[in-house]
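Okay, here's what each chain looks like letter by letter:
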Amino acid sequence: MADISNRKLIVEVCNAKNLMPKDGQGTASTYAIVDFDGQRRRTKTIFRDLNPRWDEKLEFSVLDAESLAAETLELNLYNDKKSTGKRSTFLGKVKINGTSFSISETTDLVYYPLEKRSVFSQIKGEIGLKVWLEEDKIPPPPPEEQKSSEAAPPPPSAAAEEKQPEKEENRANEEKKEVEKSGEENKPPEDSKTEEPPAPAVVQAEDEKAVVARKSPNLGSSESEPRYHGGGGGGDRRRRSAYDLVDRMSFLFVRVVKFKQSKPEPDSLAHAKLVIGTHSIKTKSKAENKEWDQVFAFEKEGLNSASLEVSVWIDKKKGATDDNSAESSNLGNVTFDLTEVPKRVPPDSPLAPQWYTLDGKDSPGNDVMLAVWIGTQADEAFQEAWQSDSGGFIPETRAKVYLSPKLWYLRLTVIQTQDLQLGSGATEPKFKNPELYVRAQLGAQLFKTSRAMVDSSSFSSNPTWNEDLIFVAAEPFEPFLVVTVEDVTNGRALGHAKIHVTSVDRRTDDTSEVRSRWFNLVGDENKPYGGRIHVRVCLEGGYHVLDEAAHVTSDVRATAKQLAKAPIGLLEVGIRGATNLLPVKTKDGTRGTTDAYVVAKYGPKWIRTRTILDRFNPQWNEQYTWDVYDPCTVLTIGVFDNVRYKHDEAGKQGKDARIGKLRVRLSTLDTNRVYTDSYSLTVLLPGGAKKMGEIEIALRFTCSSWLSLIQAYASPMLPRMHYVCPLGLAQQDILRHAAMRIVTARLARSEPALGHEVVQFMLDSDTHVWSMRRSKSNWFRIVSCLSKAAAFAKWLDEIQGWVHPPITVMVHVLLTAIVFFPHLVLSTMFMYAFLIIGLRFRHRQRVSLHMDSRLSYIDAVGPDELDEEFDGFPSTRSPDQVRIRYDRLRALAGRAQMLLGDVAAQGERLEALFNWKDPRATGIFVVVCLLASLVFYVVPFKAFVLGSGFYYLRHPRFRDDMPPVTINFFRRLPSSSHQIL
């Protein structure tokens, strides 16, 4: 008998730091209560210590390994009531998702910040934990027990069967009482005014297994059942149909398994042929003792016959697969009436193949094993089946799910070098003050430190840098990080060192210490030892590596799985179909055609639908799901024309053509609501914008807990390391493009490959490229935002000019009320905002998924500007064309230059007023300030505000047409514009 393996969850509670004092004497007596899957454990109490250390290991049984990812480990810290004599007080809590549990006891110590239970909790500090899973091996029973177990007991009677559920129920109640009793011993006394730990939810293994619903593997489902996690950490395990957002498509499935001959022929191969009207397909050639085991899926709407004919052909000569050749002979056929074919819908079990006798005149008695049924795209056999609408067994037309590689930031801190040999050879020249720098390379990424000048009076030197070089590393990692010390003076390398990336330390926050290391520098053949270098290398797991543009990011989670959080909801996308697609290429040089497929990306998961060949109105009807960790993220959907499945004469693949793209920001979607609509597909080409058709998409964003959704809006957008140790904007841009190149290269190496042109189009890798169209679009976006302020200024000018006298009188009354009742100003403003914004809810704009052509400014852009946008680096256009574009850019930059100069002049005038650059102007200002101080000392502030308001709103007949004195005085102040050459 094999060993029985029971998984256990081990939680080692190590220590806590900087806790909040709760005993009234500046300290705290702390103990921890840990809950997992209805089980509760308690640590000992550490008295009067704000930095307690327990070093206790707590064990929990894993009742159901399949639902482990949906469980949540919760730890609550309390101040022991024995130290205060009153009641136990709450010190903080930590929640850890089941997906972040390690499987090795050598896991690193991770410090988790303590979280509040409510808004009014006063919590601070962090706790260090180690959490891992281990296998508990139970040895097999002794031989006597095995023999006794082999003797099967007699079957129970009916009365015993009726009593057995009662015994199991009593046993479950006894276990529940024991768990509740153990929880009461560790539970603090109840108090309505005190935050208490929640009671454990007792979950039995039988009930847990009954709740977990298993999905049959199909195209539209994710790898595991989606689970929803609310603020309480519980799992709301709902089960929905895998295809409730799309239409069910009927397919005729034929599974051909094998055949059997009455008179076997040696040294012969056979293949099966399926014929439905004009549709004809055959299997691979196999020998009699080998199985075909191939599935064929025919779209039912495209069938032009009511019968299916399956025939078996013998290839007497190995390698002959042509059924029309003289070497092939027919063993017989079997015919099915499609009106009598049974229907199957998952989760029904697969239809068992049966033997059917072939009707053959020459060789009777031959059989073929097959199964025929009518199903949908939800059938588990659909993924690997030959599909009539996507070209059969072509790998490049199949539906696939891709995963982006896990990305890390690798930080290399170059500290110093020692024992460098600077021109120590007899033939090597010596320089007085050589300049050195360190060059580091990881794959295709290359970074250098600044230059350090050293004194070469001695044969050795110890230059110091203390600079950080940051790379993007993807799992599986590149084997080596190569560090080279080079001399700029004579252009030679003094030595290099190779660092194994897999041996580099990992850290999740800035408090973890990373050890520094010395590496020997390997020189050339004449000098095998070139000195040594002191560096510090670590993999940063507390950052999120951006591989998308910041405004369209779809994932903001940290790299380290110890910092993983539970998902707050589920995003379901149904890709239904497209209509009125335009032809992208020609078929046989006679007519246009389109082979369309859809790519969607959210987080690290990419999906690709099957390619529908030669159709302008393709219907995919595929549904996919993603876990949502942050609602302020973006889903990207792109439509492409498949060119890669066809190879040219040289065996090379073409590039897939763009048809269109749309994006969905999840924060604009209502929860638990289905959005189904058609959206236009517009693509920008060198000849201008072109509408390529429409795509029909169904969306649903479900969230089980409003509290978790609201908490997400209050949390930082990026992980903590982005704010504690921020990266520069230029450095972030460099690293983002490096991450894009890595993701593009990795997905291009998949099988079938996701083309680099597809990945770059989905990731918007060209957003940094200069575009006159994008510049105009951004400018008009700024103008649109400032138009609200301009409208307010215009309204204020109308009030001042008494265009509408009743409104101006009301403004006078409002000003008087504000002056005499200032305590009502803020409350009135917020109530006004509440009413105005609340009333606008009914007229809110619906979700818009299409690309806005007006906002993109594609209708008013010239052909030369579009050609400039599609031109690469370096430019491939003629010198005259480049000169025209350069002159146009100079004119635009000249206007921007004047605008910047005017803005700078206003600030310089204000600075000149305080620095006596114009003595007379500053003297006048000083005298006015003195008089103003005396006036405000005598005049009440309310009277000044009221008088100033009435003066500003005076009637036009009492107002002069010339600018006011203050504006004239400010414009006469000097600036630095006259000092510029």
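Conventions we followed
- Residues numbered from 1 in each chain as written.
- Predicted model: local features only at pLDDT ≥ 70, side-chain atom pairs only at ≥ 80, totals over all residues.
- Heavy atoms only, no water.
- Helix = DSSP H or I, 4+ residues; strand = E, 2+ residues; numbered from the N terminus.
- Buried < 20%, exposed > 50% of the residue type's maximum accessible area, 1.4 Å probe, protein only.
- Contact = heavy atoms within 4.5 Å.
- Areas by Shrake-Rupley, 256 points an atom, 1.4 Å probe, with all protein chains shown as cover.
- Lys, Arg positive; Asp, Glu negative; His and termini not counted.
- Salt bridge = Lys/Arg side-chain N within 4 Å of Asp/Glu carboxyl O.
- Polar contact = N/O pair within 3.5 Å; in protein donor to acceptor, adjacent residues only side chain to side chain.
- Axes fitted to C-alpha atoms, helices over the stretch in contact; angles between N-to-C directions.
- Parallel < 35°, antiparallel > 145°, perpendicular 65-115°, else oblique.
- Nonpolar A, V, L, I, M, F, W, Y, C, P; charged D, E, K, R; others polar.
- Phe/Tyr/Trp six-rings, centres within 6.5 Å; stacked < 30°, edge-to-face > 60°.
- UniProt positions renumbered as here; feature names shortened; annotations may be inferred.
- Disulfide = S-S within 2.5 Å.
- Pairing = 2+ DSSP bridges.
- Patch = residues over 30% accessible without salt bridge, like charges linked within 9 Å, V, L, I, M, F, W, Y side chains within 5 Å.

Engineer: I'm lost on the overall build of the protein chain in this one. Help?
Structural biologist: Per the secondary structure count, the protein chain includes 17 helices and 40 strands. Here the protein chain, with 981 residues, has 41% of them falling under the buried criterion. Of the contacts formed within the protein chain by residues at least 6 apart in sequence, a portion of 70% connects residues at least 24 apart. When the accessible surface of the protein chain is split by element, carbon and sulfur atoms take 55% of a total near 54,200 Å².

Engineer: I'm lost on the side chain of aspartate 487 in this one. Help?
Structural biologist: For aspartate 487, the position within the fold is in strand 26 (residues 480-487). Salt bridges are absent for the buried aspartate 487, whose nearest opposite-charge side chain, arginine 492, sits at 5.2 Å. One polar contact links the side chain of aspartate 487 to the main-chain amide nitrogen of threonine 489, over a distance of 3.0 Å.

Engineer: I tried to follow the packing of helix 14 (residues 879-914) against helix 15 (residues 919-938) on my own but got confused; where do I start?
Structural biologist: In helix packing, the relevant descriptors are the interaxial angle and the interaxial distance, both defined with respect to the helix axes. For the pair helix 14 and helix 15, interaxial distance at closest approach is 8 Å and the crossing angle is 70°. Comparing their axes, helix 15 and helix 14 come out roughly perpendicular. The segment helix 14 lies against helix 15, with Ala912, Leu913 and Phe914 engaging Ala921, Thr922 and Phe925. Grouping the constituent residues of the contact of helix 14 with helix 15 by class yields 5 nonpolar, 1 polar and no charged.

Engineer: Where do I start with the packing of aromatic side chains in this structure?
Structural biologist: To describe a pair of aromatic rings, you give the distance between the ring centres and the angle between the ring planes. Scanning the entire structure with this criterion turns up 20 aromatic pairs. A ring pair is formed by phenylalanine 298 and tryptophan 386, whose centres lie 5.2 Å apart and whose planes are at 55°; its orientation type is tilted. Here phenylalanine 298, found in strand 14 (residues 294-299), pairs with tryptophan 386, found in strand 19 (residues 386-387); they are 88 residues apart in sequence, far enough to count as distant. One exposure class covers both phenylalanine 298 and tryptophan 386, and it is buried. Measuring from ring centre to ring centre gives 5.1 Å for phenylalanine 447 and phenylalanine 471, while their planes differ by 75°; the resulting arrangement is edge-to-face. With a gap of 24 residues between them, phenylalanine 447 in strand 23 (residues 445-448) and phenylalanine 471 in strand 25 (residues 464-474) connect regions that are remote in the sequence.

Engineer: Before we go on, may I ask you to explain the pattern of salt bridges in this structure?
Structural biologist: Two side chains carrying opposite charge are able to pair once their charged atoms lie near each other. As enumerated under the stated definition, the model contains 37 salt bridges in all. The shortest N-O distance in the salt bridge between lysine 601 and glutamate 548 comes to 3.2 Å. Residue lysine 601 is found in strand 34 (residues 596-602), and its partner glutamate 548 is found in the loop between strand 30 (529-540) and strand 31 (569-579); the two are separated by 53 residues along the sequence. Each member of the pair, lysine 601 as well as glutamate 548, carries the same accessibility label: buried.

Engineer: I keep staring at the UniProt feature "transmembrane region" (unreviewed entry) in the protein chain and nothing clicks. Help me out?
Structural biologist: Those residues carrying the UniProt feature "transmembrane region" (unreviewed entry) are residues 813-839 and 924-953 in this numbering. The span residues 813-839 is 85% helical and 0% strand by assignment, and the distance between its end C-alpha atoms comes to 25 Å. The span residues 924-953 is 90% helical and 0% strand by assignment, and the distance between its end C-alpha atoms comes to 27 Å.

Engineer: How do you make sense of the state of the cysteines when you look at a structure like this?
Structural biologist: Disulfides are covalent bonds that link the sulfur atoms of two cysteine residues. Applying the stated criterion across every chain yields a total of 0 disulfides. Between cysteine 725, a cysteine without a disulfide, and cysteine 538, which holds the nearest cysteine sulfur, the sulfur-to-sulfur distance is 9.8 Å.

Engineer: Explain the sheet that holds strand 15 (residues 307-315) to me, please; I cannot follow it from the model alone.
Structural biologist: The pairing of strands in a sheet comes from backbone hydrogen bonds and takes either a parallel or an antiparallel form. The sheet built from 4 strands is open, its strands ordered 13-12-15-16 with antiparallel pairing. Both outer strands of the open sheet, strand 13 (279-282) and strand 16 (328-337), are each paired with one neighbouring strand and no more. Put simply, the sheet's adjacent strands are angled 20° from each other on average, direction ignored. Bridge count between strand 12 (residues 269-276) and strand 13: 4 bridges; the pairing is antiparallel. The partner of valine 275 across the bridge, within strand 13, is serine 280.

Engineer: What is the right way to read a nonpolar patch on the surface from this model?
Structural biologist: A cluster of nonpolar side chains, namely Trp779, Phe780, Ile782, Val783, Leu786, Leu899 and Val903, defines an oily patch on the protein surface of about 690 Å² accessible area. Counting residues per element, the ones that place at least two in the nonpolar patch are helix 9 (772-800) and helix 14. Of the residues forming the nonpolar patch, the biggest block, 5 residues, is contributed by helix 9.

Engineer: For this particular structure, what's the right way to read the sheet that holds strand 39 (residues 674-685)?
Structural biologist: What the 4 strands build is an open sheet, ordered 36-31-40-39; its pairing is antiparallel. Each edge of the sheet is formed by a strand with only one pairing partner; in this case those strands are strand 36 (619-628) and strand 39. Going across the sheet, the axis of each strand differs from the next one's by a mean of 25°, ignoring polarity. Pairing analysis gives 12 bridges linking strand 39 to strand 40 (residues 688-703), with the strands arranged antiparallel. Each residue of the ladder has a partner; that of leucine 684, found in strand 40, is alanine 689. Against the sheet, helix 13 (residues 863-870) contacts strand 39 and strand 40, and its axis sits at roughly 95° relative to strand 39.

Engineer: Would you mind showing me how to read unusual backbone geometry here?
Structural biologist: Outside of glycine, negative phi angles account for most residues, and trans bonds account for most peptide bonds. For the bond from glutamate 475 to proline 476, the omega torsion is -10°, close enough to zero to count as cis. Relative to the helices and strands, proline 476 resides in the loop between strand 25 and strand 26. Looking along the chain, the bond that leaves glutamate 751 and enters proline 752 is cis, with omega of 0°. In this structure, proline 752 sits in the loop between helix 7 (729-748) and helix 8 (756-763). Backbone geometry places asparagine 621, a non-glycine residue, at a positive phi of 55°. The residue asparagine 621 is located in strand 36 in this model. Here asparagine 672, not a glycine, exhibits a phi torsion of approximately 55°, which is positive.

Engineer: Explain the pairing of strand 2 (residues 30-36) here, please?
Structural biologist: Looking along a regular strand, one sees the side chains alternate between the two faces of the sheet. Extensive coverage of strand 2 is indicated by the burial of 7 of its 7 residues. Burial along strand 2 is two-sided: Thr30, Ala32, Val34 and Phe36 and Tyr31, Ile33 and Asp35, pointing in opposite directions, are all buried. Examined bridge by bridge, strand 2 and strand 5 (residues 72-79) share 6 bridges and lie antiparallel to one another. Looking at the pairing, valine 34 lines up with leucine 75 of strand 5. One ladder, built from 4 bridges, connects strand 2 with strand 3 (residues 39-42); its direction is antiparallel. Residue pairing across strands places isoleucine 33 opposite arginine 42, the latter belonging to strand 3. Hairpin connection between strand 2 and strand 3: a loop of 2 residues separates the two successive antiparallel strands, and aspartate 37 in this loop has a positive phi of roughly 55°.

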